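In case you want the letters, here they are:
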Amino acid sequence: MPEQTTNRPKTPLLDQINRPADLKSLSDSQLAQVANELRSETISAVSTTGGHLGAGLGVVELTVALHAVFDTPRDKLVWDVSHQCYPHKILTERRDRIRSLRMKDGLSGFTKRSESPYDPFGAAHSSTSISAALGFSVARDLGGVVPEGLGDGIAVIGDGSMSAGMAFEAMNNAGHLGKRLFVILNDNEMSIAPPVGALSSYLSRLYAEEPFQELKAAAKGAVSLLPEPFREGAKRAKDMLKGMTVGGTLFESLGFSYIGPIDGHDLSQLLPVLRTVKTRATGPVLIHVLTKKGKGYAPAEAARDKGHATAKFDVVTGEQKKTPSNAPSYTGVFGDELVKLAAKDDKICAVTAAMPDGTGLNLFAERYPSRCFDVGIAEQHGVTFSAALAAGGMKPFCAMYSTFLQRGYDQVVHDVAIQRLPVRFAIDRAGLVGADGATHAGSFDVGFMANLPGMVVMAAADEAELVHMVATAAAHNDGPIAFRYPRGEGEGVEMPDEPQVLEIGKGRTIQSGSRVALLSFGTRLGEVRKAAEALSAKGITPTIADARFAKPLDREMILDLATNHEALITIEEGAVGGFGSHVAQLLADEGVFDRGLKYRSMVLPDTFIDQASPADMYKVAGMDAAQIEAKVLDVLGVATIGEKRA
Ligand SMILES: Cc1ncc(C[n+]2csc(CCOP(=O)(O)OP(=O)(O)O)c2C)c(N)n1
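Reading guide: rules and limits
- Residues numbered from 1 in each chain as written.
- Predicted model: local features only at pLDDT ≥ 70, side-chain atom pairs only at ≥ 80, totals over all residues.
- Heavy atoms only, no water.
- UniProt positions renumbered as here; feature names shortened; annotations may be inferred.
- Core = buried A, V, L, I, M, F, W, Y, C linked by side-chain atoms within 4.5 Å.
- Buried < 20%, exposed > 50% of the residue type's maximum accessible area, 1.4 Å probe, protein only.
- Contact = heavy atoms within 4.5 Å.
- Near = heavy atom within 4 Å.
- Polar contact = N/O pair within 3.5 Å; in protein donor to acceptor, adjacent residues only side chain to side chain.
- Areas by Shrake-Rupley, 256 points an atom, 1.4 Å probe, with all protein chains shown as cover.
- Helix = DSSP H or I, 4+ residues; strand = E, 2+ residues; numbered from the N terminus.
- Pairing = 2+ DSSP bridges.
- Axes fitted to C-alpha atoms, helices over the stretch in contact; angles between N-to-C directions.
- Parallel < 35°, antiparallel > 145°, perpendicular 65-115°, else oblique.
- Left-handed = near helix turned anticlockwise from the far one by under 90°.
- Nonpolar A, V, L, I, M, F, W, Y, C, P; charged D, E, K, R; others polar.
- Expected span 1.5 Å × (residues − 1).

- As annotated in an unreviewed UniProt entry, the chain is 1-deoxy-D-xylulose-5-phosphate synthase from Parasedimentitalea maritima.
- According to UniProt, the comment filed for the chain under the heading Sequence similarities (unreviewed entry) is "Belongs to the transketolase family. DXPS subfamily."
- Taken from UniProt, the Catalytic activity (unreviewed entry) comment for the chain reads in full: "D-glyceraldehyde 3-phosphate + pyruvate + H(+) = 1-deoxy-D-xylulose 5-phosphate + CO2".

Okay, here's the thing in structure tokens:
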């Protein structure tokens, strides 16, 4: 683990805090000092690991206040998305490992139940925290038993994540159940990109309106939750209440008591409010906290994304240490190609769910703002919206990460596939993604897309192939079509002058050989080529084919490979149930196994692989060049013969 001890910030008080209980004996001013030191420690740690910086810096005071007032891990503190959990990890017995964040065998960049009892619920996808906190509250009331005990359910959720349907489903249910539950709305007016939509404007209005003056009128609202001195009119209380909106908010209509907005960087506001609600609340309470993403670190505050995600960086200058790239990123290639096609076809439009930069649609949004839709963190809506755009004669590209598309699966089935609507799914972050770990791995999309009748499923083997697939998707009007491509940079191949519309369901032969055929689907092709080179040196020249399509399969090519080789091995960056399973089904149906073909399918193992570099993760998965080579030797019995001779 890279341990750099120089340039560490001085943190005398934080050094005495090993667990949240240690905060209980500190005065409020000492807690403020802990918060300052915690901020420095977070910046220092992330400078050596990279990761989510801005969100954590925005909740430093909130983290200290929550841990000082509530009794974790008995009280269940659930961080939404949990990309803001680094300060929480530092306070909850993990400071000694904080510089291993997101690395192989290190701490996860998200909360994780298996990592600590202080992480009662794992996350990484957004908008689950209110459901989870409510579940804990109900389990407590029903007599559920867990080792740390069951106290209060507390959800901390960002304004971006609050815009998702699931958060409102949970609010609706919580308001109905009326159980004691705390929802902290961490409103920093940022998602990854600036937040979009009506909810965001609504939240801004909540604090842009005239300060609330009439204490009397507030009496029946949240003020009844405040401690006596507040109601008696202590000056501070009055000042606080002046800025608060009480009564009549959307949240109150949903059955929550609403308190706020309060300054989330001011412990003298956070601590009394949290202490009060802890003492007095009987039902669901929403505390609206205003924070600044990236707070307290100028380079993060100044960044376009407020330091949402960063590479390792120099703490003094804020300069990120990025390795120069040799090839364009797949995301960029997709974004560029779509812009080019849209110039020639005004029916092409694009949909992203809060990831304009991550999906490369920022380029499209700049050029064709009226045809680009950031729907917020709302994958379900994004898919159905795309379906109706297609039904309305448009050519929508619904660009989502594989892992987030999972959220919109029923919509893919029910709204897109059953109605045979030509939505083009651009599936980014296919396969193992590295530091974000299992929650972000794009492992399942081939399985869940290719089993749908009428869905065309492609995977790009390199960036030139991706160009062709974008064009193929644009030209495909008969039904839905999906193409997947990984995170990161391409192979550095020559780019085509003109994109080619591929024939649906046709693969391509890369090299002809004998005995064994390696049938690749997606970007493992590079490793397959390396394996083939190593095998050539051993006198084995495999045939290599790029399937291009998992649905429909190139039956002719696959059956031909099966007939003319002793062994056939498929390889893909996905879980069981994907491309290889479809090939196996074809071979079984055609009776190929009856004739003795040796068939192997290389897929991700039946485990969730923890974070590491993508290369390390593929090694764990058994899918790098050396492992492909070993598989070939094994299936041909070469290793066994070698062993027998020895
Ligand atoms: C379902 C889902 N879609 C997309 C994302 C990607 N994502 C991670 S954080 C984030 C922004 C969250 O914004 P907000 O809740 O306001 O938190 P902040 O980062 O501003 O603290 C997004 C879109 C995700 N984690 N989950």
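### Comments concerning the nonpolar core
- Counting 51 residues, the largest nonpolar core has Leu-66, Ile-184 and Ile-287 as the members making the most contacts within it.
- Residues in contact with Leu-66, not counting those within four places in the same chain, are Leu-77, Trp-79, Ile-154, Val-156, Ile-184 and Leu-274.

### Regarding the site of the ligand
- His-83, Gly-160, Ser-161, Lys-293 and Glu-379 are the nearest of the 22 residues found near the ligand.
- Within the contact set of the ligand, a nitrogen atom lies 2.8 Å away from a backbone nitrogen or oxygen of Ala-124.
- Within the complex, the protein chains bury 97% of what would otherwise be the 590 Å² of accessible surface of the ligand.
- The element best represented in the shell around the ligand is helix α6 (residues 159-162), accounting for 3 residues.

### Concerning the environment of Gly-56
- With respect to the helices and strands, Gly-56 occurs in helix α2 (residues 54-58).
- Between the C-alpha atoms of Gly-56 and Thr-331, which are 275 residues apart in sequence, the distance is 26 Å.
- With near-sequence residues (within four places) excluded, Gly-56 lies in contact with Gln-84 and Pro-87.

### Digging into the sheet that holds strand β5 (residues 284-290)
- One open sheet holds the 5 strands; their spatial order is β1-β2-β3-β5-β4, and the pairing between them is parallel. Both outer strands of the open sheet, β1 (76-79) and β4 (257-263), are each paired with one neighbouring strand and no more. In this sheet, neighbouring strand axes are inclined to one another by 20° on average, regardless of whether the strands run parallel or antiparallel.
- Pairing of strand β3 (residues 181-187) with β5, which is carried by 7 bridges, proceeds in the parallel orientation. Paired with Ile-184 across the two strands is Ile-287, which belongs to β5.
- Each of β1, β2 (153-158) and β3 touches helix α3 (residues 60-69); the most contacted strand, β1, lies at about 165° to it.
- Relative to the sheet, helix α13 (residues 267-280) contacts β3, β4 and β5, its axis offset from that of β4 by approximately 165°.

### Let's talk about the packing of helix α15 (residues 330-344) against helix α21 (residues 463-475)
- Here α15 crosses α21 at 40°, and the two axes come no closer than 9 Å. Taken together, the axis directions place α15 and α21 in an arrangement best described as oblique. In terms of crossing hand, the pair formed by α15 and α21 is right-handed. Residues Tyr-330, Val-333, Phe-334, Glu-337, Leu-338 and Leu-341 of α15 pack against Glu-463, Leu-466, Val-467, Val-470, Ala-471 and Ala-474 of α21.
- Partitioning the contact of α15 with α21 into residue classes produces 10 nonpolar, no polar and 2 charged.

### With respect to the side chain of Ser-129
- Here Ser-129 is to be found in helix α5 (residues 129-141).
- Side-chain polar atoms of Ser-129 contact the side chain of Asp-80, separated by 2.7 Å.
- Those residues in contact with Ser-129, other than ones at most four positions away along the chain, are Val-78, Trp-79, Asp-80, Ala-155, Val-156 and Ile-157.

### Quick look at the UniProt feature "domain: Transketolase-like pyrimidine-binding" (unreviewed entry) in the chain
- Taking the UniProt record as the reference, the feature "domain: Transketolase-like pyrimidine-binding" (unreviewed entry) is found at residues 328-493.
- Between the first and last C-alpha atoms of residues 328-493 the distance is 10 Å; the span itself is 40% helix and 17% strand.

### Let's talk about the sheet that holds strand β16 (residues 567-572)
- One open sheet accounts for 5 strands, arranged β12-β14-β13-β16-β17; its pairing is mixed. The two strands at the open ends of the sheet, each matched to only one other strand, are β12 (508-511) and β17 (598-602). Each strand axis lies, on average, 20° off the axis of its neighbour in the sheet, ignoring direction.
- Across 5 bridges, β16 lies against β17 in parallel orientation. Of the residues in β17, the one forming a bridge with Ile-571 is Met-602.
- Packed onto the sheet, helix α26 (residues 625-635) meets β13 (516-521), β16 and β17 and runs at close to 160° relative to β17.

### With respect to α5
- Given a rise of 1.5 Å per residue, 13 residues ought to cover 18 Å, and the 18 Å separating the end C-alpha atoms of α5 matches this to within 8%.
- The set of residues buried in α5 consists of Ser-129, Ile-130, Ala-132, Ala-133, Leu-134, Phe-136 and Ser-137.
- Residues of α5 that are buried sit in contact with β1, β2, α6, α7 (165-177) and β3.
- Once α5 finishes, Gly-143 follows within two positions and takes phi at roughly 85°, a positive value.

### A look at the UniProt feature "binding site: thiamine diphosphate" (unreviewed entry) in the chain
- In the numbering used here, UniProt assigns the "binding site: thiamine diphosphate" (unreviewed entry) feature to His-83, Ala-124, His-125, Ser-126, Gly-160, Ser-161, Asn-188, Tyr-297 and Glu-379. In terms of the greatest pairwise C-alpha distance, the residues named above, spread along 297 residues, do not form a single cluster, extending to 31.9 Å across.
- Setting aside anything within four residues of it in sequence, one finds Gly-160 in contact with Met-190, Ser-191 and Ile-377.
- If sequence neighbours within four positions are ignored, Tyr-297 has contacts with Ile-43, Leu-53, Leu-57, Phe-313, Asp-314, Val-315 and Gly-318.

### Description of the environment of Ile-558
- Tracing the backbone shows Ile-558 in helix α23 (residues 555-564).
- Given a relative accessible area of 1%, Ile-558 falls into the buried group.
- For Ile-558 and Gly-507, which are 51 residues apart along the polypeptide, the C-alpha to C-alpha distance reads 8.9 Å.
- If near-sequence neighbours (up to four positions away) are discounted, Ile-558 is found in contact with Leu-519, Leu-553, Leu-568, Val-583, Leu-586 and Leu-587.

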